[in-house]
Amino acid sequence: MRKFRRWAQRTFPVRFPVRCYLRSPALLPGMLGYFDYDEHEDRGKICVADNLELDAMLDTCCEEWAHARTNDLCSDDEDPHHNTFWAEYGRIVMAARGVEW
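A short tour of the structure in this document, coming up. (Residues numbered from 1 in each chain as written. Predicted model: local features only at pLDDT ≥ 70, side-chain atom pairs only at ≥ 80, totals over all residues. Heavy atoms only, no water.)

Concerning the sheet that holds strand β1 (residues 18-23)
Thinking step 1. With mixed pairing, 3 strands are arranged side by side in an open sheet as β1-β3-β2. Taken across any chain shown, the strands that pair with only one partner, and hence form the sheet edges, are β1 and β2 (33-38). Strand-to-strand twist of the sheet, defined as the mean angle between neighbouring strand axes without regard to direction, takes the value 20°.
Thinking step 2. Relative to strand β3 (residues 43-49), β2 is paired through 6 bridges, and the arrangement is antiparallel. Looking across to β3, one finds that F35 is bridged to I46. (Pairing = 2+ DSSP bridges. Helix = DSSP H or I, 4+ residues; strand = E, 2+ residues; numbered from the N terminus. Axes fitted to C-alpha atoms, helices over the stretch in contact; angles between N-to-C directions.)

Right, dumping it as structure tokens:
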């Protein structure tokens, strides 16, 4: 996770600090991971299930980082999987495929 976070922040910077954690799947019911933004502290948190294979973990990290990058583009009542999110997700995934993890 540290290597991914350092790479992502360097390659696809986010304007606020983002912490990344591996968590038990029991703490992520029905999800492989999630991004949460705390507007009061202006920081984000990414949590990813700790039982994933490397490819699935990287894919989930890329998705959640795309959420962090597009966080300001939609309000709380909108679907966070909008066109800009998908475009950003695609850019991050393509770049991540070129890295030796």
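Now that the structure is up, let's keep going.
What to know about the state of the cysteines
Thinking step 1. If you walk through the whole model with that rule in mind, you get 0 disulfides.
Thinking step 2. Take C61: it sits in no disulfide, and the sulfur closest to it among the cysteines is that of C20, at 6.3 Å.
Thinking step 3. The class of C61 is buried, set by a relative accessible area of 2%.
Thinking step 4. Left unpaired, C62 is separated from the closest cysteine sulfur, that of C61, by 7.0 Å.
Thinking step 5. A relative accessible area of 2% places C62 in the buried class. (Disulfide = S-S within 2.5 Å. Buried < 20%, exposed > 50% of the residue type's maximum accessible area, 1.4 Å probe, protein only.)

Some details on the pattern of salt bridges
Thinking step 1. Counted by the stated rule, this structure contains 5 salt bridges.
Thinking step 2. For D42, the salt bridge is made with R15, and the minimal N-O distance between the two is 2.9 Å. In this pair, D42 sits in the loop between β2 and β3 while R15 sits in the loop between α1 (2-11) and β1, placing the two residues 27 residues apart along the sequence.
Thinking step 3. Relative accessible area serves as the criterion here: at 53%, R15 is assigned to the exposed category.
Thinking step 4. In this structure, the salt-bridge partner of E88 is R69, at a minimum N-O distance of 2.6 Å. Pair noted here: E88 is in helix α3 (residues 83-96) and R69 is in helix α2 (residues 54-69), with a separation of 19 residues, a long-range link.
Thinking step 5. Members of the salt-bridge network, linked through shared partners, are R15, D42 and D72. (Salt bridge = Lys/Arg side-chain N within 4 Å of Asp/Glu carboxyl O.)

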